[in-house]
Amino acid sequence: MSSTTTSKWERRLLSGVQNGRVALAEHEAQWGPLPTTGGADLLAQVQASGLLGRGGAGFPAGRKMLTVAVGGGKTVVVANGAEGEPASAKDRMLLTRAPHLVLDGIQLAARIVGATEAYLVVHAGSRSTDAVYVAMSERRNRVPVQLRELPTAYVASEESAVVHWLNGGDAKPTFTPPRPFERGVHGRPTLVHNVETLAHVATIARHGSDWFRATGDADEPGTLLVTVTCDGVPGQVAEVPTGTPIGDILTRAGIEPGDTDAVLVGGYFGTWLPADLAAQLPLSHHALRAAGGGLGAGVLVALPAGRCGIRETARVAAYLAAHNAGQCGPCLNGLPAIAGALQRLCTGEWDDRWWPALERWMSVVPGRGACRHPDGAVRFIASGLSVFAADLAAHRAGRPCAGVTQPAFLPLPAATSRPSWR
Amino acid sequence: MRIRINPIECQAHGICAEMLPEWIDVDEWGYPILDGEELPAQLVAHAKRAAKACPTLAVILSGR
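As the structure is a prediction and not an experimental result, all values here were calculated from the model.

(A) Spatial organisation of the interface of chain B and chain A. Contacts between the two partners involve 13 residues from chain B, matched on the other side by 18 residues from chain A. Of the roughly 1200 Å² buried between chain B and chain A on both sides combined, carbon and sulfur atoms contribute 60%. For the chain B face of the interface with chain A, the top three residues by lost area are Pro7(B), Ile8(B) and Trp29(B), together amounting to 49%. At the boundary of chain B with chain A, the tally comes to two salt bridges. Residue Glu28(B) is joined to Arg360(A) by a salt bridge in which the shortest nitrogen-to-oxygen separation is 2.9 Å. Counting across the interface, chain B meets chain A through six residue pairs in polar contact (both at pLDDT 80 or more). Breaking the side of chain B that touches chain A down by element, the ones donating at least two residues are β1 (2-5) and β3 (32-34) of chain B. Looking at the side of chain B that touches chain A residue by residue, the class counts come to nine nonpolar, one polar and three charged.

(B) Quick peek at the sheet that holds strand β5 (residues 223-230) of chain A. All names here are of chain A. Spatially, β6-β5-β9-β7-β8 is the arrangement adopted by the five strands of the open sheet, whose pairing is mixed. Every interior strand has two partners, whereas the edge strands, β6 (233-241) and β8 (271-274), have only one. Neighbour to neighbour, the strand axes of the sheet diverge by 25° on average, direction disregarded. Relative to β8, strand β7 (residues 260-265) runs antiparallel, the two sharing four bridges. Across the sheet, residue Val263 finds its bridge partner in β8, namely Leu273. Across the sheet, helix α15 (residues 373-387) touches β7 and β8, and the angle it forms with β8 is around 25°.

(C) Highlighting unusual backbone geometry. Here the bond from Thr176(A) into Pro177(A) is cis, since omega is -5°, no more than 30 degrees from zero. Note on placement: Pro177(A) falls in the loop between α7 (159-166) and β4 (190-194). In the segment running from Pro177(A) into Pro178(A), the intervening peptide bond is cis, with an omega of 5°. Relative to the assigned elements, Pro178(A) resides in the loop between α7 and β4. With a phi close to 55°, His186(A) is a non-glycine residue in the positive phi region. With respect to the element layout, His186(A) can be found in the loop between α7 and β4. With a relative accessible area of 47%, His186(A) lands in the partly exposed category. The phi angle at Leu57(B) is positive, at roughly 55°, despite the residue not being glycine.

(D) A look at the nonpolar core. Residues and elements named next belong to chain A. The biggest cluster of nonpolar side chains holds 61 residues, and the ones touching the most others in it are Val78, Val121, Tyr268, Ile338, Leu342 and Leu358. Among the elements that line this core, the one with the most residues is helix α13 (residues 329-347), at nine residues. In this structure Val78 touches Tyr119, Val121, Val162, Leu166, Val185, Thr190, Leu191, Val192 and His193, once residues within four positions along its chain are discounted. Grouped together as the second largest cluster of nonpolar side chains are 49 residues, Leu103, Leu198, Val201 and Ala205 included.

(E) Focus on helix α4 (residues 90-97) of chain A. Extensive coverage of α4(A) is indicated by the burial of seven of its eight residues. Taken together, the buried positions of α4(A) are occupied by Lys90(A), Asp91(A), Met93(A), Leu94(A), Leu95(A), Thr96(A) and Arg97(A).

(F) Layout of the pairing of strand β1 (residues 75-81) of chain A. Residues and elements named next belong to chain A. Here β1 lies mainly inside the structure; seven of its seven residues are buried. Residues Thr75, Val77, Ala79 and Gly81 point to one face of β1 and Val76, Val78 and Asn80 to the other, with burial holding for every one of them. Two strands pair when backbone bridges link them, and β1 and strand β2 (residues 115-123) are joined in this way by seven bridges, in the parallel orientation. Note that in β2 the partner of Val77 across the bridge is Ala118. Here five bridges tie β1 to β4, and the two strands are oriented parallel to one another. The residue bridging Val76 from the neighbouring strand is Thr190, located in β4.

(G) Quick look at the environment of Ala87(A). All names here are of chain A. Within the fold, Ala87 resides in the loop between β1 and α4. Overall, the relative accessible area of 2% leaves Ala87 in the buried class. Along the sequence, Ala87 and Cys331 sit 244 residues apart, while their C-alpha atoms lie 22 Å from each other. Not counting the four nearest positions on each side in its chain, Ala87 is found in contact with Thr227, Thr229, Tyr268, Val299, Val301 and Pro411.

(H) Geometry of the packing of aromatic side chains. Residue and element names in this part refer to chain A. In this structure the tally under the stated criterion is eight aromatic pairs over all chains. With a centroid separation of 5.0 Å and an interplanar angle of 70°, the aromatic rings of Tyr154 and Phe269 are classed as edge-to-face. Taken together, the residues Tyr154 in the loop between β3 (145-150) and α7 and Phe269 in the loop between β7 and β8 connect sequence positions 115 residues apart. Look at Tyr154 and you get buried, because its relative accessible area is 6%. Overall, Phe269 belongs to the partly exposed group, its relative accessible area being 24%. Aromatic pair Trp272 and Phe380: ring centres 6.2 Å apart, planes at 35°, arrangement tilted. Taken as a pair, Trp272 in strand β8 and Phe380 in helix α15 lie far apart in primary sequence, 108 residues in all. Here the two residues Trp272 and Phe380 agree in accessibility, since each one is buried. A connected cluster of aromatic rings, assembled from ring pairs, spans Tyr154, Tyr268, Phe269, Trp272, Tyr319, Phe380 and Phe388. Lying over the aromatic face of Trp354, Arg344 brings its terminal NZ or CZ to 4.9 Å of the ring centre.

Cut-off values and rules
Residues numbered from 1 in each chain as written. Chains lettered and ligands numbered in written order. Predicted model: local features only at pLDDT ≥ 70, side-chain atom pairs only at ≥ 80, totals over all residues. Heavy atoms only, no water. Contact = heavy atoms within 4.5 Å. Buried area = accessible area lost by both parts, 1.4 Å probe. Salt bridge = Lys/Arg side-chain N within 4 Å of Asp/Glu carboxyl O. Polar contact = N/O pair within 3.5 Å; in protein donor to acceptor, adjacent residues only side chain to side chain. Helix = DSSP H or I, 4+ residues; strand = E, 2+ residues; numbered from the N terminus. Nonpolar A, V, L, I, M, F, W, Y, C, P; charged D, E, K, R; others polar. Pairing = 2+ DSSP bridges. Axes fitted to C-alpha atoms, helices over the stretch in contact; angles between N-to-C directions. Buried < 20%, exposed > 50% of the residue type's maximum accessible area, 1.4 Å probe, protein only. Core = buried A, V, L, I, M, F, W, Y, C linked by side-chain atoms within 4.5 Å. Phe/Tyr/Trp six-rings, centres within 6.5 Å; stacked < 30°, edge-to-face > 60°. Lys NZ or Arg CZ within 6 Å of the ring centre and 35° of its normal.

See below:
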């Protein structure tokens, strides 16, 4: 991962990052000490900033904080840095290089919602763990923060799963309501924010909402960490203003027009888009939704020309099927069925009389789980079948394209690794 | 009245679909597919019976 890039874009979260971790002294030299602003004023700043959550859903960060704060009483803050998305590296990079911004954000969020305890959750075995431990040893936190390592299953970092696990259960999503803001860790109202969201809160508390809004898309302001993967270069992290055309980001990452025919936007709950369409789209939730996609947590993967998109989609489908939480019937039966059909499309063992069954599963599986895993998985798969329609036609006719013999491309954990939930 | 299924509790017994076929179908694995969340008034009594009969109490009714 090349984690620092020289950029024409204004860098904020990464502006102090050279190589290695930003120590507390450097952090305070750049940003100043933790502001002493009261919780109500901080909340007003975050709301006025228009900051949207950076975990994928893009919900207004201030509104989520308000929902937890209005309940009164003791609350809990959970900083979610578990980053279950295999093609995303931005949270690990942020925690490894600029952990004090996140730790500041946790303290400020705790002040806003009246929290008396906080958790920072990272992926088990993540190399960000050491950096966070060192950073935590450098500072005194008014609200104690516990660092916890979450199991590595794909849906384990979904917020209700994180809360269930912190309460002693498996890291599996729970039926809602109650949502974490109503009843979360230890039964208390719980704010779950992505670590990048909290880092932005730390900058807003220093510089104010007008400063935050001065860059990026008017409706979704600020900067955003993205993870770009292209041929031979996995997981480049860059900080870009929201609204930047995706084509500019790919160009900066070294991807030339013609290198790629399709771009995966938003990760494995995201969508494939034709490269020429993706290049023109601004990096924002509203623009990508309007184009039938989604920004997710800022993942961009440029599929090299000549690869088989159907085969790549099938590989990820198998991964997502294996990582269902095993709780909800439509998902635990439907995703393996869909993934199995895609697998046969790639191996040439396909009989086109199965096509209506695949179409039916794709229509009945979404919307019927406790979490959005089946919805996200099917959206991703459907986009692959649509964008790679020409390849699909060849596969269905029993002529899998030449790309199926190419090495696998999309990043996935080792095929032997089973999801773990504890 | 609103009707939902708690998909974690549901074990595909299929009793809800038998007692409320006007609103509930099952997929090929036996799990219920609802026509929607807002239940027509004339089905409320049937829905209440179906909720009571579910062995895992996975049929969730709310509102009036």
